[in-house]
Amino acid sequence: MSEEEGTKEYAYFLGCITPNRYPGIEAATKRILKEFGIETKEMMGASCCPAPGVFGSFDMHTWLPVAARNLAIAEEMDLDIVVTCNGCYGSLQEADHLLKGNPKLKEKTNEILGKFGREFKGTTKVNHSIVVLHDVIGLDRLKEKITKPMNGVNVAVHYGCHFLKPREVRGHGSSETPYILEDLVKVTGAKDVDYKDKLMCCGAGGGNRTADSVQSLEWMRQKLVSAIEEGCDCMVHPCAFCHLQLDRGQAEMNKAFGTDYNFPILFATQFLGLAMGLSEKECGLDIQTTTMPEKLLK
Amino acid sequence: MAEEEEYDYTKIPPTGSVEGIAAGAPEDSPRIGVYVCHCGINIKMVVDVEDVTRYAASLPNVVVARHYIFMCSDPGQDLIRKDLAEGRVNRVIVASCSPRMHEPTFRKTCSDSGLNPFYYEMANIREHCSWPHGDFHKEATEKAKELVRSAVARSALLEPLEEKLVDVKPEALVIGGGVTGMYAALDIANGGYKVHLVEKKPSIGGHVAQLSRTFPTLERVASLLTPRMIEVGAHPNIDLMTCSEVEEIGGYIGNFDVKVKRKPRYIDMEKCKDCTPCIEACPVKDIPDEFNEGLSTRSAIYIPFPFAVPPAYTIDAEHCLLLKEGKCGDATLETIKEGKAVPPCMAACPGVIDFEQKDEIEEFTAGTIIVATGYDLVDPGVSAEYKYGVYPNVITSMEFERLLSPGGPTGGKIELNGKEPKDIMFISCVGSRNKQVGNEYCSRVCCMYLAKQAYLAKEQLPDADVKVAFQDVRAFGKGFEEFYGDVKTEGVFYMRGLPGEIYKKPGSDRVVVRGENTFIGEPYEQEADLVVLGMGLAPNKDVKSIISMLKLSTSVDGFLMEAHPKLRPVDTATDGIFIAGCCASPKDITDSIAQGKATASGSLLYLVQGMAKIEPAISQIDEEICIGCARCVDVCPYGALELDEVRHVMTVNEAVCKGCGGCNSICPSGAATMKHYRDRQVYAQIEALTEITDVGMLAELESAATAAVAAEASAGAADTGSEAGEGEGAETEAVPGAE
Amino acid sequence: MGTLYEDMVAYGGEVFGKEHMETLRECVQCGKCTGGCPSGRNTAFRTRKLFQMALTDMREEIFNSPELWFCSTCYTCYERCPKGVKTTDLIRTIRNLAAKEGHMSVPHRMIGVYVLKTSHAVPLGPAQMELRKAVGLDEMAPTAQKYKDQLEQVQTIFKTTGYDAMIDFDWDTMNLKGMDKGGKK
Ligand SMILES: Cc1cc2nc3c(=O)[nH]c(=O)nc-3n(C[C@H](O)[C@H](O)[C@H](O)COP(=O)(O)OP(=O)(O)OC[C@H]3O[C@@H](n4cnc5c(N)ncnc54)[C@H](O)[C@@H]3O)c2cc1C
Ligand code: SF4
Ligand code: SF4
Ligand code: SF4
Ligand code: SF4
C-alpha cells in the first residue's frame, strides 16, 4: 500500500524486546524514519508477535491466532506494518503467508478472533525496517543525510536468521549472498567486513536460550570471536531479539565463562542514527550493556 | 451381477470371447473385431475386462469381441491374425495401452494379414483409464466401455490409406563435434556416406578434450582422443565445419535443407603452419583461456589447445583490437588494404592472416540429422554456501581436470598460486540431485570422475590428505566399483555426508569445510587448501535455436527428449532426427560413444535404403471446395502448403506436411481435411462419447473436434510421463503421426 | 495416535499443508543439514538423525531427549537441504507433538505465563520504564500490556486453544500450577 500510494505511514509493530528492553531501538527507528517523512503509528493493543520459534515450537494453533490478531490490528488501521525484530518479522509474515494460502486455516483462525470481534483479512503487508530504509527510502537519500561518516569503522554485519530465511517466504533473494545490511553499512562510509560466522545464528532463537542458556551463549561467543578476529569494531544487525542475546548476553557470558567481552552491538537504525548525527543518548546506546567506542561516536 | 459382488480380478479367466451383434453382416460392410487386453493385471485389476467385452459385442458393426491377458504377445496377435485370415473381421480395435506404445505393433499385425493398417483403431484403457482411476473400479469400467464405444463409432468410418515413400539424400548432418558427434560422424563416413559435421568452436573434441585421464582405466584422454580427432579432420567423407553454427533447417526426412553460418577465423587455414610468432606478437594477452577454464590467459590470436583439429589458429573477434576497436598499433583495415601499416600479428606471419574474411553461409541437403550438442557445467554459484568465486581455494572439477592435464596451465602439476596443496577435499553432487538449485537428476559421471581425480591427486601428492565428501557413490559401469575400491585402498578417504558450508580460516589462506560424517554422526571442521566441487552436468544453454528449428522437445530436467525413454533412446518424435550423448542426459564417454554410434546406425538405415516412409495421415485439400484464400498457409508451421497460382487452389507437399491439423481448423470453406482424422470420423467419435443425437449441437462441437485431433496425437506426451517442451517444441507433440 | 510420521503429517499438515510435512520422507540422510547446523557443532543434536528417528517412529526417544529443544530454528538447514525437506518446520511440528504430550520444561512454560499475564514474552519492569523515558518515549508502550480488555483478548486465544491447560496454568495464582513441586517434567 504505502509504497504505491506514496503514503508515508506505517503501523509500527513493537513486539516485546524493542519497547520493554531496548527502547533505544524504538527511539532511533522512529527518529530516522521521521527524518525521511515516514510516520510510525502505534498499534494500540498489540501483543507479543508471538515468538515464532518459541510459540511455533509449542503450539502452532495458539501461535497463529495471536499473530493473526496483531495483523488484524494493523488492518483495522489500514496500514502496512513495520518491525524492528526478526522474530516479529518472521512470525507476522509467516502467519500472513500461511493464512493467505489456506482458506480453512483462515476460517478456523477467524472463528477465534471473532470471539472478540476481530478478523484477519489479509490486507496488510509486513515490512522490516531495514527494507524500508533500503528500498523505500533508498541508499541515495540515506547518503545525503550522513553527516558523521563512519569512515574507518570495520563493521561485522549480523543478519539474524528470520530476516532472510526461509527465503521462499521472505523474498530477499539468496540467504547465502545477502546484501541489504551490507549496503546500509557501506552507505555510512564504514567497511563491511566478511567474517567466518557471519551467517551464523546468535543462538537465542527457537527457545534455545531458554532451554540451555550457557550453551546458547557459547554459540554467540563463537560468532563474536570470529568477528573480533577479523578486526571488526562493532556488530550491526536488524533484530531486537538478537540484540538482547548479543548485548545482554555478553554480560551473562562474562559471568558464566569468566571473560570480559565488551563488543559493541548496534541495531541498524542505531548505527545509521549515529552516522546521521544523532547522539549516543538519542539512540539509547548509553543505556545498554556493551559500550560504544570513541571511533563510533566522534 | 458383477456390480453386486466385490470385484475380484483374480476370478477373470485369461481369455474369452463373445459373438457380436453384427456377426451376420455382409462381407463388404464394416465387420469390427474388438480385442480387450488385460495387460497382465495392469488393466484387469481395475477394469472388468469381461464386462467390457460383453459390452463391445453389443455395439453396432461388431462381429466379435474377445479379451486376452496380453494382446501384444504372439498368441494375443494370433487372435487377430486368425480372425482376419478367416475373413471374419475387416476392422480391428484393440482396447489396451497408448497408441504410442503399441499402435505400430498392431498396425503391423493387420498389414501382415493383408488388412490396410489404417483400418486399425486403438482404445487406450490403460494410461487413460485403469492407471489414473485405480481406486474407482466401477467408474473405470464404465469409462472403458465409453472409450470402446467411441473407437467402434470411428472404426466404421475409417478409410484405407497408402504409405508413401520419399527419396533420401545420402548425406547426414551432425551438430556438435564432441566425442559423441565425432563417433557418429566417423561411423557414417566409414559406411561410405557423406557427413557434414558442424561445430561451433574452433576445434572439435568437446569437453573430453579438456580432460586429463579417464575413469576407470586412467588412460590419458589426449592419447585416446587425438587419433580419432585427426581421423575426423582428415576423413574424405567428412565435411568439417568449425566456428560454425546451423542457421536454418527446413524440409523433412530424407531432404532436410540446411543453412550453416561459418564464422571467419581471419586465418588462411591452408597456410597456417601452427607455429607461435603471431601469438607472441599480439599485444592482447589477458583473455581468460576458456579451454583452461580461465586458469590461464591467451592472446587474441590463438589456438584453443595444441592438439586442436583443425590444427589452425583463430582470431577472436571479440577481443582483437583491430576487429573490435578498429585499430591495432598503427594499423587499421584501411592501412592494411593500402599496404601501409599492418598489425603485429600480420607482421610476424605475413600472408596468412586475412582480415577481409566474412561470414559465409553454406547450404546443403541432408537425409538425416544427429544432434550431439553436449552439456554445460552447472554454474557453481548455485551452491553459494561453498563460496566458489569468493575463495580462490574453491575450484570446479573441470578446473581441476585442467590442473591435472599435462597440457594445462600448470603442466599437470596440482598447484594453486604456485603452491602445492596439502589437504584436498572433494565434494560430490554439487548442483545435482538438488531440488533447491532446480536440478533433481543425478549427473551420473561425477561420482566416478571425483574418484579418478582423488586418485590422481593422491598419486601425484602421496603425502597430501585427500578426502571425498559424498552422499552416495554411484559406481554403475563396468569396472567402476572395482576402481572405487582401488581409489580407497590408495589412501583416499571417503567421508559420508554433504558438507554444509565453507569458510576462510581467519588469518590464513586456507579454508575450512564444515560437515557431518554421517556414519559416525559427528560434525567436523576440516581444513583444506584446495576444495574441488563435483559439479553436475546441465543442459546446454546454446541449443535453444536448434530445439526450435528442429521442433524438438525437452524433458522436465531440460535435456532433449527421446521418442521413448526405454525403447527409443536415441530417436526423436520426428523421423530422421536423432539425439545422442550428453545433450539427452548426462553420461560418460563410453555411453556417449555408444549413443553416437547408435544414431549413426539409425541414420544409415535410411541412407542405405535411400528411401523413407512418410506419414499418410496428413492434410488433403478438396480442390472443388478450396477458394484459394491461402489462410491456411499462415498457420502451417511446416510450410507444407503452397497456392497453385494457375488453378488458384491450395496444394499440399505430402512429405512436408506432418498432419498437425492447423489448416483443417482454419479453413473457412472446409476444403482442408485430415486423412485418418476426417471431420465425420472425429465427430462420430465425440458423438459416441457424449451420446449427443441433436445434430444442431454437433455443429457447435466443430472446434472441439479439432482439439480432439490434437489431443489424440499428443497422448504421447502423457503416456511417456514426460513433458512437451515449451513453445515450438511443444508443437511437435501435437503432430499426429509425427513418428 | 498413529506413527510419529502420520501424526506430523496430520497435525503439521493443518498449518503448513500436507505436502510440506511429507517432504520428511524425501530425506536421503546426506547430512548437509547437520553439516552447517550451529547446534550440531555445539550440542548433541543431530538434525539428520532426528529425521531418521522420526521415520523409524522413535517417538519416546525423541520426545525424551533434551536435544530436541536445541534447534534455534535458524533455517540454515531448511535453505540448504538438497531434497527440499522442510526441516525446521518439521522440527517445530515434532516439538508441538512433544509439548502436547507434556514434554515442556518449566522455563519454556514460563514464557506462556508472561504472555498470559502481560501479553509480552518479555515484560516491562520499573527499571525499563526509566530507560524508555531516557530516550524520550512514554514509560509504557500502548500495547496490550496497558489495556485490560486487549490483554483479555490474548487470554481468550490461549483459553480457546487450550494453551493454558497445556502448560498447567493456574488462573487464580496467574502462575504455573504446582510451581512449588517443580512442574510436571
Ligand atoms: C569434470 C569432468 C570430468 C569428466 N571425466 C570423465 C572421465 O574421466 N571419463 C568419462 O567417461 N567421462 C568423463 N566426463 C564426462 C564427459 O565429459 C562426457 O561424457 C562427454 O564430454 C560427452 O560428450 P558429448 O560429445 O556428448 O558432449 P560435449 O563434450 O559437451 O561436446 C559437445 C560439442 O558440441 C558442440 N556444440 C554445442 N552446441 C552446439 C551448437 N549449437 N552448434 C554446434 N556445435 C555445438 C560443443 O562445442 C562441443 O564441442 C567428465 C565430465 C566432467 C564435467
Ligand atoms: S590484429 Fe592485433 S589484436 Fe588482433 S590478433 Fe592481430 S595482433 Fe592481436
Ligand atoms: S554421479 Fe554421484 S556425484 Fe554426481 S550427482 Fe550422481 S550421486 Fe552425485
Ligand atoms: S539435508 Fe535434507 S536430505 Fe540431507 S539429511 Fe538433512 S534433511 Fe535429509
Ligand atoms: S534450523 Fe535448527 S536444525 Fe536447522 S540448522 Fe538451524 S539450528 Fe540446526
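What you see is a predicted model; the values in this text were computed from it and never measured.

On to the sheet that holds strand 2 (residues 39-42) of chain A, then. Residues and elements named next belong to chain A. An order of 2-1-3-4 is seen for the four strands of this open sheet, with the pairing classed as parallel. The sheet is open, and its two borders are formed by strand 2 and strand 4 (126-128), each paired with just one other strand. Within the sheet, the average angular offset between the axes of one strand and its neighbour, ignoring direction, is 45°. Sheet topology places strand 1 (residues 9-13) next to strand 3 (residues 80-83); four bridges connect them, and they run parallel. Considered in strand 3, the bridge of Ala11 is made with Ile81. Sitting on the sheet, helix 5 (residues 60-77) touches strand 1, strand 2, strand 3 and strand 4, and the angle it makes with strand 1 is about 155°.

It is worth spelling out the pairing of strand 34 (residues 649-652) of chain B at this point. All names here are of chain B. The pairing of strand 33 (residues 641-644) with strand 34 spans four bridges and is classified as antiparallel. Its bridge partner being in strand 34, Glu642 is matched across the sheet by Thr651. Where strand 33 folds back onto strand 34 in an antiparallel hairpin, the turn is made up of four residues, including His648, whose phi is positive at roughly 55°.

How big an interface is tends to be stated in terms of accessible area lost as the parts join. Facing eight residues of chain B, the contacting portion of chain A comprises eight residues. For the pair chain B and chain A, the summed buried area comes to about 680 Å², and 49% of that belongs to carbon and sulfur atoms. Linking chain B with chain A are one salt bridge. Across the salt bridge formed by Arg514 of chain B and Asp197 of chain A, the nearest N and O atoms sit 2.8 Å from each other. On inspection of chain B and its partner chain A, the count reaches two residue pairs in polar contact (both at pLDDT 80 or more). For the side of chain B that touches chain A, the residue count by class is four nonpolar, one polar and three charged.

Contacts between chain C and chain A engage 62 residues on the former and 70 residues on the latter. With both sides pooled, the region where chain C packs onto chain A buries about 5,700 Å², and carbon together with sulfur makes up 60% of that total. On inspection of chain C and its partner chain A, the count reaches seven salt bridges. Residues Arg167 of chain A and Glu79 of chain C are paired through a salt bridge, measuring 3.2 Å at the closest nitrogen-oxygen approach.

Rules and cut-offs
- Think of each chain on its own: its residues are numbered from 1, step by step along the sequence as written.
- Chains carry letters from A onward and ligands carry numbers from 1 onward, assigned in written order.
- Totals for whole chains, interfaces and linings use all residues, but because this is a predicted model, local features are given only for residues with pLDDT of at least 70 and pairs of side-chain atoms are given and counted only at 80 or more.
- No hydrogens and no water enter the side-chain calculation; it runs on all heavy atoms of the structure.
- Criterion used throughout: strands pair if DSSP finds at least two bridges between them.
- Secondary structure counts use DSSP, requiring at least four H or I residues in a row for a helix and at least two E residues in a row for a strand, with both numbered from the N terminus.
- Axis definition: a line fitted to C-alpha atoms, over the contacting stretch in the case of helices. Angles run 0 to 180 degrees between N-to-C directions.
- Throughout, a contact is declared for two residues whenever any of their heavy atoms are within 4.5 Å.
- By buried area we mean the combined loss of accessible area, with a 1.4 Å probe, across both parts when two parts are placed together.
- Salt bridges are defined by distance alone: a side-chain nitrogen of Lys or Arg within 4 Å of a carboxyl oxygen of Asp or Glu.
- Any pair of nitrogen or oxygen atoms within 3.5 Å is treated as a polar contact; in protein, a donor-acceptor pairing is required on top of that, and neighbouring residues in sequence qualify only through side-chain atoms on both sides.
- Charged residues are taken to be Asp, Glu, Lys and Arg, nonpolar residues to be Ala, Val, Leu, Ile, Met, Phe, Trp, Tyr, Cys and Pro, and polar residues to be all remaining types, Gly included.

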